[in-house]
Amino acid sequence: MTHPTIALAQALIARESVTPEDAGCQQMMQSHLSKAGFEHEILVFEDTTNMWSRRGDKSPVFCFAGHTDVVPAGDLSLWKTPPFEPVIKDGVLYGRGAADMKGSLAAMLVATERFVKDYPDHKGSIAYLITSDEEGPFINGTTRVIDTLEARNEKIDMCIVGEPSSSLQLADIVKNGRRGSISAKLTFHGKQGHVAYPDHVTNPIHLAMPVLAELSQIHWDNGNEYFPETSFQLTNIEGGTGALNVVPQTVTAWFNLRYSTELTDAIIVERVESILKQHGVKYDIEWTYNGKPFITEPGSLVNSVQKAIETVVGKEASLSTSGGTSDGRFIAPTGAQVIELGPVNKTIHQVNECVSCDDLITLTDIYYQSLVNALT
Ligand SMILES: [Zn+2]
């Protein structure tokens, strides 16, 4: 017989929930959770469907968080089997979302059903915070559900985000934080003119070069126990008319910083702008704040999850803050302990995305054991 986690993962993959579509995935999750005593709140914001489901009204609140949306399939001709028709071959489940993150959603649900059956009088509450826009612009998803919860002072104490955190083997890595990310578009203003008349032009390329050289050489910090040192990267530079005898009017540079908890976005903005002022250049800068860094120090959640991994797979997981941003960044600022634990991320967002069936079954056991450790 097919393991319930695999059967549920297949049913979720079969729904074509390309971001921000949910395609009925959350309803399917709710019908499982209802039988386990959960109550649901469906929060639709614009094009995004979110759900907040909860069993119990006590603290601590142990929350599973994740998303039902997936990235587009991409070039269909490169898929060996259709992306929304899940197929198991040699113990591997193929389909869009198999690893990111419908497999995790299935594992959470089956773990929760089993836990509630074994421990109907568990401590605290169990909750689900699920969105359909994690892969999209993340405006109407987790962040707005968190706003709703904060407005009525409803708190999450511990949260497992089911993002595919594992690198080479299941549960080799648990993410206990993420770096912050901030981007900027910086335009230098000069005066356009003929190269043969230097007195009549102000060359914005010449203005930009020393500033960009200085910015790219800043040693921002040394990182800390959990974070590598902050990195500044120029990503694009645009300027020039294409003609070889014209000094352009403007030059625009784009850059991004991935930063540790040693810095804040305010410190970064202030330092960059003070360098610009020192150089006395005419400029415009537009900042984009992609997410603040967060860290969950070892405590009740990290202990529960690490112990669960040790019990189930007999190995110690390492803690890491590597990788891009995730919805954890919206949950952590409320004071919640947040970690990410999910399957191997080798094929996520690729064609022929896949996950090992055994891994999903083991992940179910790890989630189950984490609940046992945290709530009994
Ligand atoms: Zn994901």
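The rules behind the values
Residues numbered from 1 in each chain as written. Predicted model: local features only at pLDDT ≥ 70, side-chain atom pairs only at ≥ 80, totals over all residues. Heavy atoms only, no water. Salt bridge = Lys/Arg side-chain N within 4 Å of Asp/Glu carboxyl O. Helix = DSSP H or I, 4+ residues; strand = E, 2+ residues; numbered from the N terminus. Buried < 20%, exposed > 50% of the residue type's maximum accessible area, 1.4 Å probe, protein only. UniProt positions renumbered as here; feature names shortened; annotations may be inferred. 1 Å grid on protein atoms, 1.4 Å probe; cavity = no way out; pocket = protein on both sides within 12 Å on 5 of 7 lines; lining within 4 Å. Contact = heavy atoms within 4.5 Å. Donors = N, O, S within 2.8 Å, 3.2 Å for Na, K, Ca; no water. Pairing = 2+ DSSP bridges. Axes fitted to C-alpha atoms, helices over the stretch in contact; angles between N-to-C directions. Phe/Tyr/Trp six-rings, centres within 6.5 Å; stacked < 30°, edge-to-face > 60°. Lys NZ or Arg CZ within 6 Å of the ring centre and 35° of its normal.

### Some thoughts on the pattern of salt bridges
Applying the stated criterion to the full structure yields eight salt bridges. Between arginine 152 and glutamate 41 there is a salt bridge; the shortest N-O distance is 2.9 Å. In this pair, arginine 152 sits in the loop between helix H4 (142-151) and strand E7 (158-161) while glutamate 41 sits in strand E1 (residues 39-45), placing the two residues 111 residues apart along the sequence. The exposure class assigned to arginine 152 is partly exposed, which follows from its relative accessible area of 36%.

### A few points about the UniProt feature "active site" (unreviewed entry) in the chain
Here the UniProt-annotated "active site" (unreviewed entry) positions come out as Asp69 and Glu134. Taking the farthest pair of C-alpha atoms as the criterion, the annotated set spanning 66 residues converges on one region, since that pair is 6.9 Å apart. Lining the largest pocket, from the residues just named, are Glu134. When you line up the elements, aspartate 69 lands in the loop between strand E3 (61-67) and strand E4 (87-89). Apart from residues no more than four positions distant in its own chain, aspartate 69 is found in contact with Ser17, Thr19, Glu21, Thr131, Ser132, Asp133, Glu134, Glu135 and Gly136.

### With respect to the UniProt feature "binding site: Zn(2+) 1" (unreviewed entry) in the chain
With numbering matched to this structure, UniProt assigns "binding site: Zn(2+) 1" (unreviewed entry) to His67, Asp100 and Glu163. Spanning 97 residues, the named residues form one tight spatial group whose C-alpha atoms are at most 8.8 Å apart. Lining residues of the largest pocket drawn from the annotated set just named are Asp100 and Glu163. On the secondary structure map, aspartate 100 appears in helix H3 (residues 98-118). Those residues within four positions of aspartate 100 in sequence are excluded, and the remaining contacts are His67, Val70, Glu135, Glu163, Pro164, Ile348, His349 and Glu353. Mapping glutamate 163 onto the fold places it in the loop between E7 and strand E8 (173-175). Glutamate 163 sits in the buried class, given a relative accessible area of 9%. Look past the residues within four positions of glutamate 163 in its chain and what remains in contact with it is His67, Asp100, Met101, Glu134, Ser326, Glu340, Leu341 and Gly342.

### Details of the coordination of the zinc ion
Ligation of the zinc ion by protein atoms is provided by His67 (NE2), Asp100 (OD), Glu163 (OE) and Glu163 (OE), these donors lying 1.9 to 2.7 Å from the ion. Look at where the donors of the zinc ion fall in the sequence and you get H-x32-D-x62-E. Residue aspartate 100 is found in helix H3, and its partner glutamate 163 is found in the loop between E7 and E8; the two are separated by 63 residues along the sequence. Across this residue pair, the class does not change: aspartate 100 and glutamate 163 are buried.

### With respect to the sheet that holds strand E15 (residues 283-291)
Sheet architecture is open: four strands sit in the order E12-E14-E10-E15, paired in antiparallel fashion. The open sheet has two edge strands with one neighbour each: strand E12 (231-239) and E15. Neighbour-to-neighbour, the strand axes of this sheet turn through a mean angle of 15°, independent of strand direction. By the bridge criterion, eight bridges tie E12 to strand E14 (residues 250-259) in an arrangement that is antiparallel. Following the sheet pairing, glutamate 238 is matched in E14 by threonine 252. In the packing of helix H5 (residues 204-216) onto the sheet, the strands contacted are strand E10 (180-189), E12 and E14, and the crossing angle to E10 comes to about 155°. Contacting E10, E14 and E15, helix H6 (residues 265-279) crosses the sheet at an angle of about 165° to E15.

### A look at the packing of aromatic side chains
As enumerated under the stated definition, the model contains nine aromatic pairs in all. Each ring, one from phenylalanine 232 and one from phenylalanine 255, has its centre 4.9 Å from the other, and the planes form 35°; the classification is tilted. Of the two residues, phenylalanine 232 is situated in strand E12 and phenylalanine 255 in strand E14; the sequence distance between them amounts to 23 residues. Of the two residues, phenylalanine 232 and phenylalanine 255, both sit in the buried class. Taken together, Phe38, Phe62, Phe64, Tyr128 and Tyr367 form an aromatic cluster joined through their ring pairs. One residue, arginine 271, lies across the ring of tryptophan 220, its end atom 5.3 Å from the ring centre. The ring centre of phenylalanine 138 lies 4.2 Å from the NZ or CZ of arginine 329, which sits over that ring.

### Observations concerning unusual backbone geometry
For the bond from threonine 19 to proline 20, the omega torsion is 5°, close enough to zero to count as cis. As for its position among the elements, proline 20 is in the loop between helix H1 (4-13) and helix H2 (25-35). Of note, the bond from serine 59 into proline 60 is cis; its omega dihedral lies within 30 degrees of zero at -5°. If you trace the backbone, proline 60 turns up in the loop between strand E2 (48-55) and E3. Here alanine 23, not a glycine, exhibits a phi torsion of approximately 55°, which is positive. At aspartate 90, a residue that is not glycine, the phi angle is positive and equals roughly 50°. By the secondary structure assignment, aspartate 90 is in the loop between E4 and strand E5 (92-94). Exposure remark for aspartate 90: the relative accessible area of 74% places this residue in the exposed category.

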